[in-house]
Amino acid sequence: MDMRTITIKNEQETKQFGIELGKSLEQGDVVALIGDLGTGKTALTKYIAQGMGIQDLITSPTFTIVQEYHSGRLPLYHFDVYRVGDTEEMYELGYEEYFYGQGVCVIEWADLIEELLPETVKTIRIQYGQQEEERIYQCAF
């Protein structure tokens, strides 16, 4: 598995990265986003969705845990597991049908359910950079 570090300077570069990633994703891909509050996990998800051809408004599914979007070339299952108390909740949600299903999963706060993630997961750890808009993406895929 490749590990690379990318410095994202601003929103435009976030958009470019997300759209390119979205275009490259295939059925069964799981993207794990890990980063502190406010690092841009939802913004990145929005651009990944654009790259998949999804025009819907992407919002953080904090209270529903998963939001489904079916208007792109593949379904997108957007998870926010911040409020998941334990992995049992993920089983009740039927997460396996999403992870191993017909679409692509993007999971915010994925480190909270690390033991459930498939071996083929594409992980992006997002950290604050030096400048206000700058982010450091540590990508493992």
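Look up a bit, the structure's there.
Everything numeric here is computed off the predicted structure, so don't read it as measured data.

Conventions and cut-offs
- Residues numbered from 1 in each chain as written.
- Predicted model: local features only at pLDDT ≥ 70, side-chain atom pairs only at ≥ 80, totals over all residues.
- Heavy atoms only, no water.
- Helix = DSSP H or I, 4+ residues; strand = E, 2+ residues; numbered from the N terminus.
- Expected span 1.5 Å × (residues − 1).
- Buried < 20%, exposed > 50% of the residue type's maximum accessible area, 1.4 Å probe, protein only.
- Pairing = 2+ DSSP bridges.
- Phe/Tyr/Trp six-rings, centres within 6.5 Å; stacked < 30°, edge-to-face > 60°.
- Salt bridge = Lys/Arg side-chain N within 4 Å of Asp/Glu carboxyl O.

## Focus: helix 1 (residues 11–24)
Alright, step 1. Given a rise of 1.5 Å per residue, 14 residues ought to cover 20 Å, and the 20 Å separating the end C-alpha atoms of helix 1 matches this to within 8%.
Alright, step 2. For helix 1, the complete set of buried residues consists of Thr14, Phe17, Gly18, Ile19, Leu21 and Gly22.

## A short note on the pairing of strand 6 (residues 122–128)
Alright, step 1. The sheet contact formed by strand 2 (residues 30–35) and strand 6 spans five bridges and is parallel. Across the sheet, residue Ile34 finds its bridge partner in strand 6, namely Arg125.
Alright, step 2. Pairing of strand 6 with strand 7 (residues 135–140) involves six bridges; the strand directions are antiparallel. If you follow Tyr128 over to strand 7, its bridge partner there is Arg135.
Alright, step 3. As consecutive antiparallel partners, strand 6 and strand 7 are separated by six residues.

## Examining the packing of aromatic side chains
Aromatic ring pairs: the centre-centre distance and the angle between the two ring planes describe each pair.
Alright, step 1. One pass over the full model with this rule turns up seven aromatic pairs.
Alright, step 2. Summarising the aromatic geometry, the rings of Phe79 and Tyr98 are spaced 5.3 Å apart at their centres and angled 90° between planes, so their arrangement reads as edge-to-face. Placement of the pair is Phe79 in strand 4 (residues 76–80) and Tyr98 in helix 4 (residues 95–99), with a sequence separation of 19 residues. Each member of the pair, Phe79 as well as Tyr98, is classed as buried.

## Considering the pattern of salt bridges
Alright, step 1. Tallied over the full model, the rule gives three salt bridges.
Alright, step 2. Where Glu20 meets Lys23, a salt bridge forms, and the shortest distance between an N and an O atom there is 4.0 Å. With Glu20 and Lys23 both in helix 1, this residue pair falls three residues apart, about one helical turn.
Alright, step 3. Among the ionic pairs, Arg125 bridges to Glu114, the shortest N-O distance being 3.7 Å. A residue pair is termed long-range when its members are at least 10 positions apart, and Arg125 in strand 6 and Glu114 in the loop between strand 5 (104–108) and strand 6 qualify at eleven residues.
Alright, step 4. Its relative accessible area of 33% is what places Arg125 among the partly exposed residues.

On their own, these measurements won't tell you what the molecule is for.
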